[in-house]
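Report on the structure
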Amino acid sequence: MSTLELHVDVGVPVDTAWEALHRAETYPRFVAGVRGARTEAGGRAHLDIEAGGRAREVEAEVSDRGERVMEWLTTGTPELTGSFSVQPIDRGHTRVQARLEYDPDTVRDVFGGPRGFAQTNAIERLVRSDLEHFKEYVEHG
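Residues numbered from 1 in each chain as written. Predicted model: local features only at pLDDT ≥ 70, side-chain atom pairs only at ≥ 80, totals over all residues. Heavy atoms only, no water.

1. Remarks on the nonpolar core
The condition is simple: Residues enter a nonpolar core if they are buried and are Ala, Val, Leu, Ile, Met, Phe, Trp, Tyr or Cys, with the set joined through side-chain atoms within 4.5 Å. In this scheme, a residue with accessible area under 20% of its type's maximum is buried, one over 50% is exposed, and one in between is partly exposed, where area comes from a 1.4 Å probe on protein chains only. Counting from the N terminus, the helices are the DSSP runs of H or I reaching at least four residues and the strands are the DSSP runs of E reaching at least two. By definition in these notes, contact holds between two residues if any of their heavy atoms fall within 4.5 Å.
Val10, Val96, Val127 and Phe134 are the most contacted members of the largest nonpolar core, which totals 33 residues. When residues of this core are traced back to their parent elements, those giving at least two are β1 (2–10), α1 (14–21), β2 (34–40), β3 (44–51), β5 (69–74), β6 (80–90), β7 (93–102) and α3 (116–140). Not counting the four nearest positions on each side in its chain, Val96 is found in contact with Leu6, His7, Val8, Val10, Ala17, Leu21, Ser85, Val86, Leu131 and Phe134.

This is the structure we're talking about:
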């Protein structure tokens, strides 16, 4: 398993960032490849994604853990685990940290793309880009 941790500081209060992360329906606005998303009963989320030229449906279990930590786990292929945490910097600024655990071979097999170091760099660029798009989304709507 590989682990990736990245963060972005956003110019909104912690509660605003926290609420935005909980609205799966808005994920297509800031997560690359997500074409549709919805929250389902029982702490589940459904994502319609397109990656590597392939359309897929991904189901995930989502739960809040501790103070402002949201964890998620896909329930099928690909097996991905991750979390978002939000921490106040001051009244109007928040740090959003993303953590992703994944098996590089599984990600390549499901979504296509490069192998090895190139794949790790591609995933890091993608998550960094998603965090920057989240920043734009929460700061500017």
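Resuming the write-up.
2. Some remarks on α1
Counted only if it meets this: An arc is given here, and it is the one of the directions from the helix axis to the C-beta atoms.
Along α1, the residues that are buried comprise Val14, Ala17, Trp18, Ala20 and Leu21. For α1, the angular spread of the buried residues around the axis is 165°, confining them to a single face.

3. So, the side chain of Asp130
Short version of the rule: Counting rule applied: Lys, Arg positive; Asp, Glu negative; His and chain ends not counted. A side-chain nitrogen of Lys or Arg and a carboxyl oxygen of Asp or Glu constitute a salt bridge if their distance falls within 4 Å.
Take Asp130: it is sitting in helix α3. No salt bridge is formed by the buried Asp130; the nearest opposite charge belongs to Arg35, separated by 9.6 Å. Asp130 has contacts with Phe30, Val31 and Ala32, leaving out every residue within four places of it along the chain.

4. Regarding the pattern of salt bridges
Evaluated as defined, the whole model comprises 11 salt bridges. Arg68 is the partner of Asp15 in a salt bridge, and the nearest nitrogen-oxygen pair spans 3.3 Å. Taken together, the positions of Asp15 in helix α1 and Arg68 in the loop between β4 (54–64) and β5 put the pair 53 residues apart, joining distant regions of the chain. Look at Arg68 and you get partly exposed, because its relative accessible area is 22%. Where salt bridges share partners, they join Glu5, Arg99 and Glu101 into one cluster.

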